[in-house]
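Below, each chain spelled out in residue letters.
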Amino acid sequence: MTSGKKTIKTLFQMKQNGQPISMLTAYDYTFARILDAAAIDIILVGDSLSNVFQGNETTLPVTLEEMIYHGKAVMKAVKQAFVVIDLPFGTYQVNDSEALRNAIQLLKNTNAQAVKLEGGQEISHTITKIVQSGIPVMGHLGLTPQSIHQLGSYELQATSQEAKEQLKADAVALERAGCFAIILEKIPADLATEIASSLSIPVIGIGAGNGCDGQVLVINDLLGLDESFKPKFVRNYLNLNASILEAVQLYIKDVKTKKFPNSNESY
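Quick caveat: nothing in here was measured; it's all calculated off a predicted structure.

Student: Describe in detail the sheet that holds strand 6 (residues 181-185), supporting the description with residues and values.
Tutor: Strand order in the closed barrel formed by eight strands is 1-2-3-4-5-6-7-8, and the pairing between neighbours is parallel. On average, each strand axis in the sheet is inclined to that of its neighbour by 25°, with strand direction left out of account. With three bridges connecting them, strand 3 (residues 82-86) and strand 4 (residues 114-116) associate as parallel partners. Within the sheet, the bridge partner assigned to Val84 lies in strand 4 and is Ala114. The sheet contacts of helix 8 (residues 161-177) involve strand 5 (137-142) and strand 6, and relative to strand 5 the element is tilted by about 175°.

Spelled out as structure tokens, the structure:
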């Protein structure tokens, strides 16, 4: 474990030293404060908030303004973690100038340290443009939720030899474009291991096996807040859904039977 404020240099050193990198999502002040106190290495303000916070079926509806809102809340709590914020769908696909403008707006309004974009060689020029402006970029390959309608499903990616070669080429392209790290999502473990060992930048896995330089999960999944969502790659470290449900039911019972508040809880 490293101490002090995490930087890109810290993450590079962790890869070089063989220290696994821990990464989780956070969307609000309360959870960000807890993750930071636990000494998480990277906090991702992910566009997954569209699913777990807003209740949407995909990540597509979330807006730049909403990402800024949640990013601000997270940054108020963080003292040591490295914070990355997703550029949401539609903010970097039109042209490089608009992508740069939106990346600048995201960082200026949140004070986060980096942005994350989904895609491979087709957006490498956009990444280069943003990086050259001084904004660190994390890439994202494999299952890219912003392209779900094009992918057709959330199934395992890069299963054919052609797709594997394309993914490897995309990873190299992102490193050359200036990405400081890459997320690999839902791809074969041996492929992820090969990519991680071939790149000089950290590779963070989610559903990509144990051969990556680090791992990321959505905090809601780790805590078991949604019992209906149980992909193979998620490990529930708690079952907060059941715990919260029980606590709320006890509260309702105490209110209905006038056991709450008692004399010690009254003024």
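Student: I'd like to hear about the pattern of salt bridges, residue by residue, with values.
Tutor: By the definition in use, this model includes five salt bridges. Note that Asp213 is salt-bridged to Lys15, the shortest N-O span being 2.7 Å. Of the two residues, Asp213 sits in the loop between strand 7 (203-206) and strand 8 (214-217) while Lys15 sits in helix 1 (residues 8-16), which places them 198 residues apart along the sequence. Across the pair, Lys15 and Asp213 agree in class, each one buried. Of the charged contacts in the structure, one is a salt bridge between Asp86 and Lys116, with a shortest N-O distance of 2.8 Å.

Student: Which residues make up the side chain of Asp47, and what values do they have?
Tutor: Assignment of secondary structure puts Asp47 in the loop between strand 2 (42-45) and helix 3 (49-52). For the buried Asp47, no salt bridge is present, and the opposite-charge side chain at shortest range is Lys116, 5.4 Å distant. In terms of polar contacts, Asp47 uses its side chain to reach the side chain of Gln146, at 2.7 Å.

Student: Requested: an account of a nonpolar patch on the surface, with residues and values cited.
Tutor: Where nonpolar side chains cluster on the molecular surface, the patch consists of Ile244, Val248, Tyr251, Ile252, Val255 and Phe260 and spans about 510 Å² of accessible area. Summarising the element assignment, Ile252 is placed in helix 11 (residues 240-256).

Student: Any chance you could break down the environment of Glu185 for me, citing the residues and the numbers?
Tutor: Its location among the elements puts Glu185 in strand 6. Note on Glu185: relative accessible area 11%, which makes it buried. Separated by 56 residues in the primary sequence, Glu185 and Lys129 place their C-alpha atoms 24 Å from one another. If we ignore the near neighbours within four places in the chain, the residues touching Glu185 are His140, Leu141, Gly142, Leu143, Pro145 and Ile206.

Student: Break down the state of the cysteines for me, citing the residues and quoting the values.
Tutor: The full count for this structure, using the stated rule, is zero disulfides. Cys179 takes part in no disulfide bond, and the closest cysteine sulfur, belonging to Cys212, lies 15 Å away. Residue Cys179 is classed as buried on the basis of its relative accessible area of 3%. Using a relative accessible area of 12% as the deciding quantity, one classes Cys212 as buried.

Student: Describe helix 5 (residues 96-110), listing the residues and the values that go with them.
Tutor: Helix length check: helix 5, at 15 residues, gives a terminal C-alpha distance of 21 Å against a target of 21 Å (1.5 Å per residue), a fit within 8%. Buried within helix 5 we find Ala99, Leu100, Asn102, Ala103, Leu106, Leu107 and Thr110. One face of helix 5 carries all of its buried residues, which in axial projection span an arc of 165°. Among the exposed residues of helix 5, those oriented more than 90 degrees off its buried face are Arg101 and Lys108. Looking at the buried side of helix 5, the elements it contacts are helix 4 (64-75), strand 3, strand 4 and helix 6 (124-132). Among the residues of helix 5, the N-terminal cap falls to Asn95, whose side-chain oxygen and the backbone nitrogen of Ser97 are separated by 3.2 Å. Taken from the residues just after helix 5, Asn111 is the one with a positive phi, measuring 70°.

Student: Kindly report on helix 9 (residues 189-198), identifying the contributing residues and their values.
Tutor: Listing the buried residues of helix 9 in full gives Leu191, Ala192, Ile195 and Ala196. Buried residues of helix 9, seen end-on, are gathered within an arc of 130° and therefore sit on one face of the element. Seen from the buried face of helix 9, the exposed residues on the opposite side, beyond 90 degrees, are Asp190, Ser197 and Ser198. If you follow the buried residues of helix 9, they end up packed against helix 1, helix 8, strand 6 and strand 7.

Definitions and cut-offs
Residues numbered from 1 in each chain as written. Predicted model: local features only at pLDDT ≥ 70, side-chain atom pairs only at ≥ 80, totals over all residues. Heavy atoms only, no water. Pairing = 2+ DSSP bridges. Helix = DSSP H or I, 4+ residues; strand = E, 2+ residues; numbered from the N terminus. Axes fitted to C-alpha atoms, helices over the stretch in contact; angles between N-to-C directions. Contact = heavy atoms within 4.5 Å. Salt bridge = Lys/Arg side-chain N within 4 Å of Asp/Glu carboxyl O. Buried < 20%, exposed > 50% of the residue type's maximum accessible area, 1.4 Å probe, protein only. Lys, Arg positive; Asp, Glu negative; His and termini not counted. Polar contact = N/O pair within 3.5 Å; in protein donor to acceptor, adjacent residues only side chain to side chain. Patch = residues over 30% accessible without salt bridge, like charges linked within 9 Å, V, L, I, M, F, W, Y side chains within 5 Å. Areas by Shrake-Rupley, 256 points an atom, 1.4 Å probe, with all protein chains shown as cover. Disulfide = S-S within 2.5 Å. Expected span 1.5 Å × (residues − 1). Arc of directions from axis to C-beta.

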